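Listed below, chain by chain, are the residues.
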Amino acid sequence: MIKRQKILLTGRIQGVGFRPAVYRLARRLGLSGTVYNDTKGVTIELQGQESQIAEFLSRLQSSDEMPRLAEIKSCRTIDMDLVPSQHEFAIGRSDSRGTALSQVTGDIATCRHCLAELADPADFRYGYPFINCTNCGPRYSIVKTIPYDRPNTTMSVFEMCDRCAAQYADVEDRRFHAQPVACPACGPQIRLTDNKGKAIKKGTGSAITETTRLLQAGKIVAIKGIGGFHLAVDPLNDDAVRRLRRRKRRDHKPFAMMADSIEKMEEHAIVSDPAEQLLKSPQSPIVLLPKKATCLIAPSVAEGVSTFGFMLCYAPLHYLLFEQGLDVLVMTSGNISDEPLICKNERALEKLGDVADAFLMHDREIYRQVDDSIVHLIDDQPVLLRRARGYVPTPFLAGKSCPQDIFAAGPDLKNTFCFVKQNQLICSEHIGDLEDARVYHHYIESIQHLRGLFEVEPTVVACDLHPGYLSTRYAKSLAGVKLIAVQHHWAHIASVLAEHGRHESVIGLVCDGTGYGTDGAIWGCECLIASLESFERFGHLAYYPLAGADKASKEAIRPILALLRNTHGDGFKLDEFGWLLDRIEPDVTRQQVVLEQIDKGVNTVETSSLGRVFDAVAAILDLGSYNHFDAQLPMAVESIADGDVEEHYGFDLIRANDGPIQLDIGKMMRELLSDVQKGQPRGVVSAKFHNCIAQALLEVAKAAKKSTGLETVAISGGVFCNRFLANRLIKLLKEAGFSVLFNRDVPSNDGGVSLGQAAIAAWRVSRSS
């Protein structure tokens, strides 16, 4: 029986080679019709035998038939009248009422078909470091403007040879409209130079061979990849790794590593099935893997943490290097610590000439520098810690279209920003910490680039409530826009709601280091009753006085003294805790100055920060007394927690005068200090501390449920990057009958705040229109 059906698809299906794949499948099955993009996704009109249409729909869901980037979220069919005159299948024009705001997708790891050609001596792209097709290769990092056509990319300077042009124009070919398509005859080339830019080796084979030799000899090589430069070194060579740390000025933060196979990673780390799937995904992120008890990786690669960050090769150049006999490499961002990633050859030589011994570069310009994304597993699900290469600029889809364009400025730390256009929320890649002038300049440039790429003209701007944030000041400097200030922790919960397509009220548990509160205090452990429309503060960690402004996020002595003063009141005496404090801050005069600041309220704020409590516990456990990078001390506490321990320290929930519930951790502090004095193992103390926080948050959630009737909990905030705590809390909440939502596609740290700001602003604009 011949019939005609309209198939309405949503998901990640625009700009990923989906329509050509549909065309090829329909032609193979003898079906006529058309496929075109529309405002919601892709529409297919099919005509032919009913059995063949059924076969088409079955194969449409097959990973073997569709592009590796394609992800169908919904599929709806509608019967239609036959069109007797239609006998062919065609790719139609996009719906004139609107289409994808940009056809640009993220940069994608080399596919298996290209890898096979790369290794095939009979293929004319054999050994070519820039092999790619519709299913893989650079996208976002090379596009200058839309539409996403070759003349608008950095590949415009490379004129295609006849063979590449023929594949590019052939709808049946895997390289149909693959904008970066090239070969050795017409495309980019690599070269190896010294740190002054003088050529050492030219030509692919000799340059790669010499690069491998240098790395094996303990040298540091800057390697230009897809989104910028990496600094590479042998991770088995502790002297070489420490030399890289000194030169890069990154003394403590763990380095990421790369291998070309799961088997090589498993020599050093535990790779679960979900982790392997992530590592092999088209996005090819860095995945945090538990360290093996014994391995050959130098201690200086990742000290003070229980995981290694590993990624698989994702560019042809990487595979060619590893073919020379490399097992594993440190591959860390090509920059000086905390500065933006470097992507230009000249800039790399200028800034990294004192860091790298040699430079493996190429002449394909990177227009947008994009860091590697970082993922870990929470509740056995992939959760982003840094959203960048491979994931950006894929938009989040809202339930309905917003009548005005919106810009959300994001926070100052771990900044991302976000645009809203119609039903799409478009988050930027990880930008960094705006306090660095070079990062702030990169922030401004990135806003202008993404705004142009998606043709956004914001009339509404959302920003953080904190008046001192640079992002807030930038938002306020924009003329002719309506400004919406959004409280930091509300934005965290809104980011979870936006990810999950929700808008209604939930119990929000938000735990982090800092966020400006509506009362002028610094919030950081909150229970909110929140929707996209509004929020109410239901509970929080009892305030304690934190002295020293920015120093308080670095020096653990400050929160320790504040918590001790809160716990023991006026009876607290420094000399009674000399056994502890003198180890953390040997200068007794500094101890006295900080305590005097707290007692007199000088340069002191009231805070409910849970992040600073983690700092204090780390120092009490002799894991360090200073955060050399964000969350160093909390990560150290997490890394030693004993997973077999079920006990938890005590706490109290206090509610007075119908105000918010307050979580008092005085009992916890007294019991924890007692355990430390008794010589309890640090892993046990850490576990009891984590379990205490999880149990306390559960009890707050139960109180919120009793008060509101809500049974869905959303958790967010940088503290929940802690896998031990997040897994424990999610388990407890589920056992108590709660439905639990948490960030997956944006980080739970401040990297997700801009999405929440955007979602709140979009809801407000839509409701008022």
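Scroll up for the structure.
This text gives an overview of the structure that appears in the document. (Residues numbered from 1 in each chain as written. Predicted model: local features only at pLDDT ≥ 70, side-chain atom pairs only at ≥ 80, totals over all residues. Heavy atoms only, no water.)

From N to C terminus, the protein includes 22 helices and 29 strands. Rg of the C-alpha trace for the protein: 27 Å, near the compact-globule value of 27 Å for 769 residues, within the 12% margin. With respect to the three principal axes, the spread of C-alpha positions in the protein is 90 × 65 × 50 Å. Within the protein, the proportion of its 769 residues that are buried is 59%. Counting contacts in the protein only where the partners sit at least 6 residues apart, residues at least 24 apart contribute 70% of the total. (Helix = DSSP H or I, 4+ residues; strand = E, 2+ residues; numbered from the N terminus. Rg over C-alpha atoms; globule rule 2.2 N^0.38 Å. Buried < 20%, exposed > 50% of the residue type's maximum accessible area, 1.4 Å probe, protein only. Contact = heavy atoms within 4.5 Å.)

Here we come to the pattern of salt bridges. Applying the stated criterion to the full structure yields 40 salt bridges. For Lys 351, the salt bridge goes to Glu 339, with nearest N and O atoms at 3.5 Å. Residue Lys 351 is found in helix H10 (residues 345–352), and its partner Glu 339 is found in the loop between strand E13 (329–333) and H10; the two are separated by 12 residues along the sequence. With its nearest N and O atoms 3.7 Å apart, the salt bridge here joins Lys 705 to Glu 711. On the basis of relative accessibility, which here comes to 27%, the residue Lys 705 falls in the partly exposed class. Among the charged side chains, a salt-bridge network with shared partners connects Glu 339, Lys 351, Asp 436 and Arg 438. (Salt bridge = Lys/Arg side-chain N within 4 Å of Asp/Glu carboxyl O.)

A few words on the sheet that holds strand E11 (residues 286–290). Spatially, E7-E6-E14-E8-E9-E13-E10-E12-E11-E15-E16 is the arrangement adopted by the 11 strands of the open sheet, whose pairing is mixed. Strand pairing shows two members of the sheet lacking a second neighbour, strand E7 (199–202) and strand E16 (381–386), which therefore form its edges. Here the strands of the sheet are splayed against their neighbours by 35° on average, with no regard to which way each runs. Pairing between strand E10 (residues 256–259) and strand E12 (residues 307–312): four bridges, direction parallel. Counted as the bridge partner of Ala 259 is Leu 312 from E12. Sheet contacts for helix H6 (residues 238–248): strand E9 (229–233) and E13; angle to E9, the most-contacted strand, approximately 145°. Each of E11, E12 and strand E15 (374–378) is contacted by helix H21 (residues 723–735), which is oriented at about 35° to E15, the strand it contacts most. (Pairing = 2+ DSSP bridges. Axes fitted to C-alpha atoms, helices over the stretch in contact; angles between N-to-C directions.)

With that out of the way, let us pick up the sheet that holds strand E19 (residues 460–464). The mixed open sheet is built from four strands, whose spatial order is E18-E17-E19-E20. Strands with a single pairing partner mark the edges of an open sheet, and in this sheet they are strand E18 (418–427) and strand E20 (482–486). Each strand of the sheet is rotated relative to its neighbour by a mean of 60°, with strand direction disregarded. Relative to E20, E19 is paired through five bridges, and the arrangement is parallel.

Now for the packing of aromatic side chains. Applying the stated rule across the entire model yields 13 aromatic pairs. An angle of 65° between the planes, with centres 5.5 Å apart, marks the rings of Tyr 128 and Phe 130 as edge-to-face. Here the two residues Tyr 128 and Phe 130 agree in accessibility, since each one is buried. Chaining the aromatic ring pairs together yields one cluster made of Phe 407, Phe 417, Phe 419, Tyr 440, Tyr 443 and Tyr 474. (Phe/Tyr/Trp six-rings, centres within 6.5 Å; stacked < 30°, edge-to-face > 60°.)

Now for the packing of helix H14 (residues 557–568) against helix H17 (residues 610–620). In a packed pair of helices, the relevant descriptors are the angle between the two axes and the axis-to-axis distance. As a packed pair, H14 and H17 sit with axes 8 Å apart at the nearest point and diverge in direction by 95°. When the interaxial angle is binned, H14 and H17 end up roughly perpendicular. Across the interface between the two elements, Pro 559, Ile 560 and Leu 563 from H14 touch Arg 612, Val 613, Asp 615, Ala 616, Ala 619 and Ile 620 from H17. (Parallel < 35°, antiparallel > 145°, perpendicular 65-115°, else oblique.)

Our focus in this paragraph is the side chain of His 489. By secondary structure assignment, the location of His 489 is in helix H13 (residues 488–499). By relative accessible area, which is 0% here, His 489 ends up buried. Excluding anything up to four places from it in sequence, His 489 contacts Val 510, Asp 512, Thr 514, Gly 515, Trp 523, Gly 524, Glu 526 and Leu 528.

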